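# Remarks on the overall topology
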Amino acid sequence: MRSKAQPGRPRVGLALGAGGARGWAHVGVLRRLTDLGVPIDCVAGTSIGALIGAVYLAGRLELLEDLAGSLDWKQLARLFVEVNFPRSGIITGRNIERFLQELIDVEKIEELNRPYAAVATDLQTHNEVVFTRGNLIEAVRASISIPGIFTPAQSGRHRNLVDGALVNPLPVSVLRAMGAVQIIAVDISLRPGTGIEPPQAQGEQGEPEATPPERSTRADDLLRKLHKQLSQLSRTAGIDETIRKRTKRSSELSIFDVLTQSTRIIEDQVTRSRLLADPPDLLIQPAVGDIATLDFARAAPAIAAGEEAVNEKLSAINSLLEGVRNPSG
């Protein structure tokens with residue numbers, strides 16, 4: 001059952017921008033907005049923003065946070081490396097689709113508790129494709145498909161869908177089309193990083209606590225399933241050697257670096273243009289610009305940066321809340 005905005009108050013929309021691993025900051029932003037009681041009536045996301053938005057509206061954000069503190073993300077990379085590289089992309093995306101199905105556990109967009117949109121790009125028409133109905137995993141898979149790394153996704157009449165960041169990396173316009181009156185946008189690319197680190201738990205003598213954070217039962221179940229997949233992949237002939245070669249540090253840019261950095265240049269330029277043409281009512285910019293697109297191991301500092309970015313906007317958030325609660329006054 002979808003929740004609705006209270007009668008008489010403006011509809012609040014949240015736009016979650018593209019940015020790969022910098023998208024961990026969206027988790028911190030959502031955590032703080034929830035703490036502050038900011039009503040979010042609809043969500044539109046592009047690329048990692050589409051993924052985090054789907055997790056949030058499926059009620060699985062806490063599970064994602066648990067995984068962020070528990071998974072060995074270098075090991076998890078095995079889920080994204082597949083032995084038979086197709087011609088149209090290095091990664092087929094089948095393993096990621098299975099991971100998303102376990103994580104989100106919702107089949108249809110209509111089953112989410114609030115209206116949702118994911119943005120992808122149609123390579124044949126060069127247009128943006130906005131998913132507001134239908135298969136949720138297909139929509140997220142299409143939106144996150146970095147060209148050259150992921151094979152293009154297929155959905156309905158669209159046969160070649162790639163990352164929505166190419167055309168609309170911060171989907172403010174999509175929220176307006178969904179009827180949002182007050183729009184909060186989270187840009188995770190344009191602001192340089194500032195080295196924010198999360199607070200560390202201290203013991204009695206001022207030493208960091210050695211015990212790991214508690215995980216939910218659902219997180220433990222998902223971790224067991226993921227590690228089973230990892231074990232199976234490790235037995236695949238040549239997979240360890242393939243990963244070793246592809247993750248070896250070198251001064252020469254890898255194909256992953258070339259593709260992700262090229263996409264980011266486009267993404268940044270389009271974001272700047274979109275913000276000038278259609279600014280949101282509130283722009284939140286976590287300081288995560290130094291995090292590489294595929295550097296998912298930096299979850300903790302990115303989440304902390306998201307929380308801090310919201311704290312920097314408390315005055316503007318309070319004004320927005322006042323306008324939402326008292327629209328006539």
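Residues numbered from 1 in each chain as written. Predicted model: local features only at pLDDT ≥ 70, side-chain atom pairs only at ≥ 80, totals over all residues. Heavy atoms only, no water.

### What to know about the overall build of the protein chain
- The secondary structure content of the protein chain amounts to twelve helices and ten strands.
- Out of the 329 residues belonging to the protein chain, those deemed buried represent 50%.
- Taking contacts inside the protein chain between residues at least 6 apart in sequence as the whole, the part at least 24 apart equals 79%.
- Just so you have it, the protein chain exposes about 15,900 Å², and 49% of that area is on carbon and sulfur atoms. (Helix = DSSP H or I, 4+ residues; strand = E, 2+ residues; numbered from the N terminus. Buried < 20%, exposed > 50% of the residue type's maximum accessible area, 1.4 Å probe, protein only. Contact = heavy atoms within 4.5 Å. Areas by Shrake-Rupley, 256 points an atom, 1.4 Å probe, with all protein chains shown as cover.)

### Quick look at the packing of helix 1 (residues 24-35) against helix 2 (residues 48-57)
- Following both chains from N to C, one finds helix 1 and helix 2 inclined at 40°, their axes separated by 10 Å at the closest point. Looking at the two axes, helix 1 sits oblique to helix 2. Once helix 1 is placed against helix 2, the crossing between them reads as right-handed. Taking contact as the criterion, the partners of His26, Val27, Leu30 and Thr34 in helix 1 are, on helix 2, Ile48, Gly49, Ile52 and Tyr56.
- Taken together, the residues that form the contact of helix 1 with helix 2 break down as five nonpolar, three polar and no charged. (Axes fitted to C-alpha atoms, helices over the stretch in contact; angles between N-to-C directions. Parallel < 35°, antiparallel > 145°, perpendicular 65-115°, else oblique. Left-handed = near helix turned anticlockwise from the far one by under 90°. Nonpolar A, V, L, I, M, F, W, Y, C, P; charged D, E, K, R; others polar.)

### Section: the pattern of salt bridges
- This model, assessed by the stated rule, comprises twelve salt bridges.
- Close ionic contact of glutamate 307 with arginine 31 constitutes a salt bridge, the shortest N to O distance being 2.7 Å. Placement of the pair is glutamate 307 in helix 11 (residues 299-311) and arginine 31 in helix 1, with a sequence separation of 276 residues.
- Take glutamate 307: its relative accessible area is 19%, and that puts it in the buried class.
- Residue classification places arginine 31 among the partly exposed positions, given a relative accessible area of 29%.
- Here glutamate 312 makes a salt bridge to arginine 191, at a shortest N to O gap of 3.0 Å. A residue pair is termed long-range when its members are at least 10 positions apart, and glutamate 312 in the loop between helix 11 and helix 12 (314-325) and arginine 191 in the loop between strand 9 (182-186) and helix 8 (217-234) qualify at 121 residues.
- Residue glutamate 312 is classed as partly exposed on the basis of its relative accessible area of 44%. (Salt bridge = Lys/Arg side-chain N within 4 Å of Asp/Glu carboxyl O.)

### A word on the pairing of strand 5 (residues 128-131)
- Because side chains alternate across strand 5, one face comprises the buried residues Val129 and Phe131, and the other comprises Glu128 and Val130, none of which is buried.
- Here four bridges tie strand 4 (residues 116-122) to strand 5, and the two strands are oriented antiparallel to one another. Within strand 5, the position partnered with alanine 120 by the bridge is valine 129. (Pairing = 2+ DSSP bridges.)

### Side note on helix 10 (residues 255-277)
- Its 23 residues give helix 10 an end-to-end C-alpha distance of 33 Å, which sits within 8% of 33 Å, the value for a rise of 1.5 Å per residue.
- The complete set of buried residues in helix 10 reads Phe256, Thr260, Thr263, Arg264, Glu267, Asp268, Val270, Thr271 and Leu275. (Expected span 1.5 Å × (residues − 1).)

### Some thoughts on the nonpolar core
- Ranked by size, the top nonpolar core spans 70 residues in total, and within it Ile104 and Tyr116 carry the most contacts.
- In terms of residues, this core owes the most to one element, helix 2, which gives eight residues.
- Discounting chain neighbours no more than four positions away, the residues touching isoleucine 104 are Ala54, Val55, Ala58, Arg60, Leu136 and Ile137.
- In terms of nonpolar packing, the next biggest core, distinct from the first, is built from 15 residues, Ala15, Val172, Val174 and Leu190 among them. (Core = buried A, V, L, I, M, F, W, Y, C linked by side-chain atoms within 4.5 Å.)

### Description of the pairing of strand 1 (residues 12-16)
- The element strand 1 is extensively covered by neighbouring structure, given that five of its five residues are classed as buried.
- Burial along strand 1 is two-sided: the residues Val12, Leu14 and Leu16 and Gly13 and Ala15 are all buried.
- Bridge analysis of strand 1 against strand 9 gives five bridges, and the strand direction is parallel. When the bridges of strand 9 are listed, leucine 16 appears paired with valine 186.
- In this sheet, strand 2 (residues 42-46) lies alongside strand 1 in parallel orientation, the contact comprising four bridges.

### Concerning the side chain of threonine 271
- Inspection of the secondary structure puts threonine 271 in helix 10.
- Accessibility expressed as a relative area gives 2% for threonine 271, which makes it buried.
- Setting aside anything within four residues of it in sequence, one finds threonine 271 in contact with Pro169, Leu170, Asp187 and Leu190.

### A short note on unusual backbone geometry
- Backbone geometry places aspartate 105, a non-glycine residue, at a positive phi of 60°.
- You can see aspartate 105 is positioned in the loop between helix 5 (94-104) and strand 4.
- Located in the positive-phi region is histidine 126, a residue other than glycine, with phi close to 70°.
- Along the chain, histidine 126 turns up in the loop between strand 4 and strand 5.

### So, helix 12
- For helix 12, spanning twelve residues, the distance from its first C-alpha to its last is 16 Å, which sits close to the expected 16 Å at 1.5 Å a residue.
- Turning to helix 12, its buried residues number three or more, namely Ile317, Leu320, Leu321 and Val324. What you see down the axis of helix 12 is that its buried residues fit within an arc of 100°, all on one side.
- Buried positions along helix 12 lie against strand 1, helix 1, strand 9, strand 10 (282-284) and helix 11. (Arc of directions from axis to C-beta.)

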